[in-house]
Amino acid sequence: MEVIILFSAFLVLLLIGMPIAFALGIASLAYLLLEGISLTIVPQRLYAGIDTFVLLCIPGFVLAGNLMNVGNITEHIVRFSNALLGHIRGGLGLANVGGSMIFGGISGTAVADSASIGSVMIPGMAKSGYDKPFAAAVTAASSTVGPIIPPSVPMIIAGSLSGVSVGRMFLAGAIPGLLLGLAMMVTVYILAVRRGYPRGERATFLELLREGRTAFWALLMTAIILYGIIGGFFTPTEASIVASLYALVVGMYVYKGLSWRKLPAILTDTVFTSAALLLMVGLANLFGWILTSEQIPQMIAGLILTISENPLVVILILNLILLFVGAFMETIAALIILFPALLGVATGVGMDPVHFAVMAVLNLMIGLTTPPVGVCLFVVSGIGKLPMLTVARAIVPFLLCNIAVLLLVSYVPAISLWLPTLLMGE
């Protein structure tokens, strides 16, 4: 009975618009009071949830993303992508996806990508003759690439939950992220040809060289992070600090968009964002502890395996569960609650933990652009001043494209595992 109340309270609070962290906390508190469990368990589980060294890199990467965003990095990335792809039919749409692939490799978060790229590209595409719903849909869909291409906050969480090296997780997301971006570019091109969207003028070699030289500093940041982690020069947590220092120097002295006057606001935003994420991690850990004590994960695993023990069918069921949850729940909370239970099912049918983690993160990223609660849809509809339903309809071709890539990644393990195995061994 108490478990029913736990889930009922959680769902009702979500439906009335309660932030996910508070919904998790209030529902968990109701369960503990009804069960007569001492409330001393609350601070214990909150602390246990965030007492992981690798989670310290979340504030670091959030700070790096904020510094690069304020430091005009978005504008330079978009200009480089446009110089490279703008002469193709639907070139601004292709540049939008390309910009997200580069920016996502810096910020590691989809919402930051939607807001930053969207504020530049949605008005620009509309002004150049593109349908505004199409511009918003491209921006939202391509933002899902960010947390797949390293560095990635959800990959950090998945790594900490599974005990897998975060460096290995980062490498495992690289090829699926590139595939996802390329598939969306193909979708943009097909729609652009069918709808007669414009193409820009081909950039001269000198223009391309100039924009590439400017964007080089952004690309170098991702290279430094990956090479440093893989080469053993620093841990993911240390990498986040290196990234922040690099972003500060580049934003202030190369792009010149940063100034000391802007730093207090950037630091304040970083503190609030990081605190919200870590509070959610702690409360989701409390919620997850309750589920574990009630043996809900074992029940889910048993239920899935009673349907079928065929690995192909089990993988499909896992995808359906994650896609459904991702459409309603915030990514990090969903990972902490569901990942340990579903990981047991996945490894039970022979999936590698790294492969499953990439598949799970990809599912939940797609959920960010899936109605009714897709956060990125709300962000781009706000920027474009469009009804949510209009953007939801426009994003359907991209959702289908992303799901096709998801199935490919799910059923071809080498897409995720080849690069980490090549560079880090078994």
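The structure presented is a predicted model; accordingly, all values stated were derived computationally and were not measured. (Residues numbered from 1 in each chain as written. Predicted model: local features only at pLDDT ≥ 70, side-chain atom pairs only at ≥ 80, totals over all residues. Heavy atoms only, no water.)

Points about the environment of Gly173
Then step 1. Examined against the element boundaries, Gly173 turns out to sit in helix 10 (residues 166–195).
Then step 2. On the basis of relative accessibility, which here comes to 0%, the residue Gly173 falls in the buried class.
Then step 3. Taking the C-alpha atoms as reference points, Gly173 and Ala239, separated by 66 residues in sequence, lie 17 Å from one another.
Then step 4. With near-sequence residues (within four places) excluded, Gly173 lies in contact with Ile148, Ile149, Pro150, Met155 and Val358. (Helix = DSSP H or I, 4+ residues; strand = E, 2+ residues; numbered from the N terminus. Buried < 20%, exposed > 50% of the residue type's maximum accessible area, 1.4 Å probe, protein only. Contact = heavy atoms within 4.5 Å.)

Thoughts on a nonpolar patch on the surface
Then step 1. A cluster of nonpolar side chains, namely Leu312, Val313, Leu316, Leu320, Leu407, Leu408, Tyr411 and Val412, defines an oily patch on the protein surface of about 640 Å² accessible area.
Then step 2. Contributing elements (two or more residues each) for the nonpolar patch: helix 15 (311–326) and helix 20 (396–411).
Then step 3. Residue contributions to the nonpolar patch peak at 4 residues, all from helix 15.
Then step 4. Within the secondary structure, Tyr411 is located in helix 20.
Then step 5. Looking at Tyr411, the relative accessible area reads 30%, which means it is partly exposed. (Patch = residues over 30% accessible without salt bridge, like charges linked within 9 Å, V, L, I, M, F, W, Y side chains within 5 Å. Areas by Shrake-Rupley, 256 points an atom, 1.4 Å probe, with all protein chains shown as cover. Salt bridge = Lys/Arg side-chain N within 4 Å of Asp/Glu carboxyl O.)

Examining the packing of helix 9 (residues 153–162) against helix 16 (residues 331–348)
Then step 1. At a minimum axis distance of 10 Å, the contact between helix 9 and helix 16 shows a crossing angle of 35 degrees. Seen along the crossing, helix 9 lies across helix 16 with a hand that is right-handed. On helix 16, the residues touching Val153, Pro154, Ile157, Ala158, Leu161 and Ser162 of helix 9 are Thr331, Ile332, Leu335, Ile336, Phe339 and Leu343.
Then step 2. A per-class count over the contact of helix 9 with helix 16 returns 10 nonpolar, 2 polar and no charged. (Axes fitted to C-alpha atoms, helices over the stretch in contact; angles between N-to-C directions. Left-handed = near helix turned anticlockwise from the far one by under 90°. Nonpolar A, V, L, I, M, F, W, Y, C, P; charged D, E, K, R; others polar.)

A closer look at helix 2 (residues 20–35)
Then step 1. When the terminal C-alpha atoms of helix 2 are compared, their 23 Å separation across 16 residues agrees well with the 22 Å that a helix rising 1.5 Å per residue should span.
Then step 2. Residues Ile20, Ala21, Ala23, Leu24, Gly25, Ala27, Ser28, Tyr31 and Leu32 constitute the buried set of helix 2.
Then step 3. Here the buried face of helix 2 lies against helix 1 (2–15), helix 3 (41–50), helix 13 (263–293) and helix 16.
Then step 4. Remark: Gly36 follows helix 2 within two positions and exhibits a positive phi of approximately 75 degrees. (Expected span 1.5 Å × (residues − 1).)

Focus: the confidence of the model for the protein
Then step 1. Looking at the protein, the pLDDT average stands at 82 and 95% of residues meet or exceed 70.
Then step 2. Ranking the elements of the protein by mean pLDDT puts helix 7 (residues 110–127) last, at 72, and helix 20 first, at 93. (pLDDT = per-residue confidence, 0-100.)

A word on the nonpolar core
Soluble globular proteins tend to pack their nonpolar side chains together in the buried interior.
Then step 1. Counting residues in each nonpolar core, the largest one holds 143 residues, and the members touching the most others are Leu24, Phe134, Leu318, Phe356 and Phe398.
Then step 2. Broken down by element, this core gets its largest block of residues, 12 residues, from helix 16.
Then step 3. What Phe134 contacts, discounting residues up to four positions off in sequence, is Met125, Val188, Leu191, Arg195, Tyr197, Ala394 and Phe398. (Core = buried A, V, L, I, M, F, W, Y, C linked by side-chain atoms within 4.5 Å.)

Section: the packing of aromatic side chains
Then step 1. Counted under the stated rule, the structure contains 7 aromatic pairs.
Then step 2. Where Phe134 meets Phe398, the ring centres are 6.1 Å apart and the plane angle is 50 degrees; that geometry is what we call tilted. Residue Phe134 is located in helix 8 (residues 132–142), and its partner Phe398 is located in helix 20; the two are separated by 264 residues in the primary sequence.
Then step 3. Given a relative accessible area of 2%, Phe134 falls into the buried group. (Phe/Tyr/Trp six-rings, centres within 6.5 Å; stacked < 30°, edge-to-face > 60°.)

Things to note about the packing of helix 13 against helix 16
In a pair of packed helices, the angle between the axes and the distance between the axes together describe the arrangement.
Then step 1. Put simply, helix 13 and helix 16 touch, their axes get as near as 8 Å, and they point 30 degrees apart. Classified by the angle their axes make, helix 13 and helix 16 are roughly parallel. In this structure, helix 13 meets helix 16 at a crossing whose hand is right-handed. Mapping the contact onto sequence places Leu277, Met280, Val281, Ala284, Asn285, Phe287 and Leu291 in helix 13 and Ile332, Ala333, Ile336 and Ile337 in helix 16.
Then step 2. Among the residues making up the contact of helix 13 with helix 16, the classes are represented as 10 nonpolar, 1 polar and no charged. (Parallel < 35°, antiparallel > 145°, perpendicular 65-115°, else oblique.)

A few points about the side chain of Asn363
Then step 1. The residue Asn363 is located in helix 17 (residues 353–367) in this model.
Then step 2. The buried category is assigned to Asn363, whose relative accessible area is 0%.
Then step 3. Looking at Asn363, its side chain comes within polar contact range of the side chain of Asn319, at 2.7 Å.
Then step 4. Filtering out sequence-adjacent residues up to four positions away, Asn363 remains in contact with Asn319, Leu322, Leu323 and Leu406. (Polar contact = N/O pair within 3.5 Å; in protein donor to acceptor, adjacent residues only side chain to side chain.)

Some details on the environment of Pro397
Then step 1. Turning to its location among the elements, Pro397 is positioned in helix 20.
Then step 2. For Pro397, a relative accessible area of 26% gives the class partly exposed.
Then step 3. Measuring from C-alpha to C-alpha, the distance between Pro397 and Val188 comes to 9.2 Å, with 209 residues separating the pair along the chain.
Then step 4. Ignoring anything within four residues of it in the chain, the contact list for Pro397 reads Thr187 and Leu191.

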